[in-house]
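# A structural walkthrough
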Amino acid sequence: MVNTIPVLQLVGYKRSGKTTLLTRLVHYFTHQRGFTIFTIKHHNGPFQFDREGSDSLAHRQAGAKATLLQSPTGLALSMAHNSEQPLEELINWVSALEPFDLILVEGYKFEPYPKLVLIRHMDQLALLNQLSGVRGVVFHSRADHQAYVEGNLGPYPAFLFDQPTQLFHWIEKWVRQA
């Protein structure tokens, strides 16, 4: 199945505000605009999904490669694997689920999807030259934002992290055109 849902990545160095911005976007688009959002988060280390003493952990410990947990209020999948699944496969899997208006991806900075790059300091601006699919830049500093715009330092639209309204409108327009 080929994905038809718009995908937007939020990328940047560690502690650049990716999670904070992603949660702001999810809140705005679900509560103010009625969007249905799916998020994908890249995590660099191991994690424990199942808690000690849970039935789903018992399933996994008995040898199940995957466990799907469903309740009246949610659904969770835990699956063991020896290597990361390509982001494209994850996105195609999401496409087979209920319809979503937007997939927001935190991380996976070197994947080829459209992305916003979060810049905490101007010395991180070189990251823009290392990435494909850049659609915009989000600055933490008003001075850095101003220097980028007035100095014509790049071809991408620039947004301020602490003033997200302009970014919200830009993303909504982008989603509607996708």
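Structure: above.
A short tour of the structure in this document, coming up. Per chain, the residues get numbers from 1 upward, laid out in the order the sequence is written. Selection of residues for local features in this predicted model requires a pLDDT of at least 70, selection of side-chain atom pairs for listing and counting requires 80 or more, and totals for whole chains, interfaces and linings are taken over all residues. Heavy atoms from the whole structure form the basis of all side-chain values; hydrogens and water molecules are not counted.

The term salt bridge refers to a pairing of a side-chain nitrogen on Lys or Arg with a carboxyl oxygen on Asp or Glu at a separation within 4 Å. For the coordinates displayed, the defined rule picks out 4 salt bridges. The closest approach of N and O atoms between E172 and R33, which form a salt bridge, is 3.0 Å. Of this pair, E172 sits in helix 6 (residues 165–177) while R33 sits in the loop between helix 1 (18–32) and strand 2 (37–41), and the two are 139 residues apart along the sequence. For every residue, the accessible area (1.4 Å probe, protein chains only) is compared with the maximum for its type, and the residue is labelled buried under 20%, exposed over 50%, or partly exposed between those bounds. Take E172: its relative accessible area is 10%, and that puts it in the buried class. Residue classification places R33 among the partly exposed residues on the basis of a relative accessible area of 41%. The salt bridge partner of R176 is E172, with a shortest N-O separation of 3.0 Å. Of this pair, R176 and E172 both sit in helix 6, 4 residues apart, which is roughly one turn of that helix. In the salt-bridge network here, residues are joined through shared partners; they are R33, E172 and R176. Under the DSSP-based scheme used, a helix requires at least four consecutive residues in state H or I and a strand at least two consecutive residues in state E, with every element numbered from the N terminus.

What follows concerns the packing of aromatic side chains. Working definition: a ring pair exists when centres of Phe, Tyr or Trp rings (six-membered ring for Trp) sit within 6.5 Å. Plane angles under 30 degrees give stacked, over 60 give edge-to-face, the rest tilted. This model, assessed by the stated rule, comprises 7 aromatic pairs. Aromatic rings pair up to connect Y28, F29, F35 and F168 into one cluster. Our definition puts a charge over a ring when NZ of Lys or CZ of Arg is within 6 Å of the ring centre and also within 35 degrees of the ring normal. Above the face of the F161 ring, R24 is positioned so that its terminal group lies 4.6 Å from the ring centre.

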